[in-house]
Amino acid sequence: MQIKQNLLARLPLSGEKTRIRLFEASDLTERYIRWLNDPEVVRYSNQRFQQHGLASCEEYLAGMKASSNLFLVIESIADEQAIGTLTVHVSEHHGTADIGILIGDTSFWGQGFGQDAWNTTLCWVLADPQVRKVTAGTSEINFGMIKLMERSGMQCEGIRKQQEIIEGRPCAVRLYARFNDH
């Protein structure tokens, strides 16, 4: 878990609008659980298939802590309020990391907070010389996420046709990556 330790040593992170820190048990609030159960927030996420409660969230957090992966909180710098989460799934053997993001507080949508948190996290992961590639993916109809990945310099490297059913219809999943320049 060397990559995880390298990344942990450089937390918290600050972007222009957001602060990124490790998710802790104290972050398991009713507000956070509401995000996970809000159909609008998880519209394109496989979280939409589960009903979340404190126990399921505690189990997820424990699993992330015990693994080589990281679970992070996104806070608004202006008010230090949690507005979302990030995951970084690390593959030590392959030198890769897959990033996911959820802006749970919809009042922060469309204002650049997600892009700021994404860019800050992507650069942080790529600054580790042991990480050679960062990946992410989303449904072909999640236009906001596609724009976010492309604006961060990620390139589409593959499409899984009709991979997921979203709102009753088959949708492709677009896979993106950015390589470490080191």
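Counting of residues starts from 1 at the beginning of each chain's written sequence and follows it residue by residue. Local features in this predicted model are restricted to residues whose pLDDT is 70 or higher, and side-chain atom pairs enter the listing and the counts only when it is 80 or higher, whereas totals over whole chains, interfaces and linings include all residues. Note that water and hydrogens are dropped before the side-chain values are worked out from all heavy atoms of the structure.

Some words on the pattern of salt bridges
Piece 1. Only one rule defines a salt bridge in this text: a Lys or Arg side-chain nitrogen within 4 Å of an Asp or Glu carboxyl oxygen. Enumeration according to the criterion identifies seven salt bridges in this entry.
Piece 2. The residue Asp27 makes a salt bridge to Arg21 at a minimum N-O spacing of 2.7 Å.
Piece 3. Summary of the burial criterion: residues with accessible area below 20% of their type's maximum are buried, those above 50% are exposed, and those between are partly exposed, where the area comes from a 1.4 Å probe applied to protein chains only. Take Arg21: its relative accessible area is 18%, and that puts it in the buried class.
Piece 4. Glu167 serves as the salt-bridge partner of Arg43, at 2.5 Å between the closest nitrogen and oxygen. Highlighted residues: Arg43 in the loop between α2 (30–36) and α3 (54–66) and Glu167 in the loop between β7 (155–166) and β8 (169–179), separated in sequence by 124 residues.
Piece 5. Classification of Glu167 by relative accessible area gives exposed; the value is 55%.
Piece 6. Each of Arg19, Arg21, Asp27 and Glu75 takes part in salt bridges that share partners, so that together they form one network. Working definition: helices are DSSP H or I runs of at least four residues, strands are E runs of at least two. Numbering for both runs from the N terminus.

Considering the sheet that holds β8
Piece 1. Strand pairing is assigned whenever DSSP identifies at least 2 bridges connecting the two strands. Reading across the sheet, the eight strands line up as β1-β2-β3-β4-β5-β6-β8-β7 and stay open at both edges, with mixed pairing between neighbours. For this open sheet the edge positions go to β1 (13–14) and β7, each flanked by a neighbour on one side alone.
Piece 2. Summarising the sheet, strand β6 (residues 133–139) and β8 pair through seven bridges and their orientation is antiparallel. Bridging across to β8, Val134 finds its partner in Arg178.

Let's talk about the nonpolar core
Proteins that are soluble and globular tend to have nonpolar side chains buried together.
Piece 1. Think of a nonpolar core as a cluster: buried Ala, Val, Leu, Ile, Met, Phe, Trp, Tyr and Cys residues, connected wherever their side-chain atoms sit within 4.5 Å. Counting residues in hydrophobic clusters, the biggest one holds 32 residues, and the most contacted among them are Val88, Trp118, Trp124 and Val125.
Piece 2. Elements supplying a minimum of two residues to this core: α1 (2–8), β3 (70–76), β4 (82–91), β5 (96–103), α4 (113–126), β6 and α5 (143–151).
Piece 3. The biggest single contributor to this core is α4, with seven residues.
Piece 4. With 14 residues, the next largest nonpolar core counts Trp35, Leu36, Val41 and Val73 among its residues.

Some details on the environment of Gln155
Piece 1. Here Gln155 shows up in strand β7.
Piece 2. Take Gln155: its relative accessible area is 54%, and that puts it in the exposed class.
Piece 3. Sequence separation of Gln155 and Ala136 is 19 residues, and the distance between their C-alpha atoms is 10.0 Å.
Piece 4. Two residues qualify as a contact provided that any one of their heavy atoms is within 4.5 Å of a heavy atom in the partner residue. When residues no more than four places from it in sequence are discounted, the contact partners of Gln155 are Leu175, Tyr176 and Ala177.

A short note on the state of the cysteines
Should the sulfur atoms of two cysteines be covalently bonded, the bond is a disulfide.
Piece 1. When two cysteine sulfur atoms lie within 2.5 Å, the pair is treated as a disulfide. Tallied over the entire structure, the rule returns zero disulfides.
Piece 2. With no disulfide of its own, Cys171 lies 15 Å from the sulfur of Cys156, the closest cysteine sulfur.

A few points about unusual backbone geometry
Piece 1. With an omega of -5 degrees, the peptide bond running from Leu11 to Pro12 counts as cis.
Piece 2. Mapped onto the elements, Pro12 comes out in the loop between α1 and β1.
Piece 3. With a phi close to 55 degrees, Glu80 is a non-glycine residue in the positive phi region.
Piece 4. Mapped onto the secondary structure, Glu80 falls in the loop between β3 and β4.
Piece 5. Unusually for a residue other than glycine, Gln162 sits at a positive phi of about 45 degrees.
Piece 6. Owing to a relative accessible area of 62%, Gln162 belongs among the exposed residues under this scheme.

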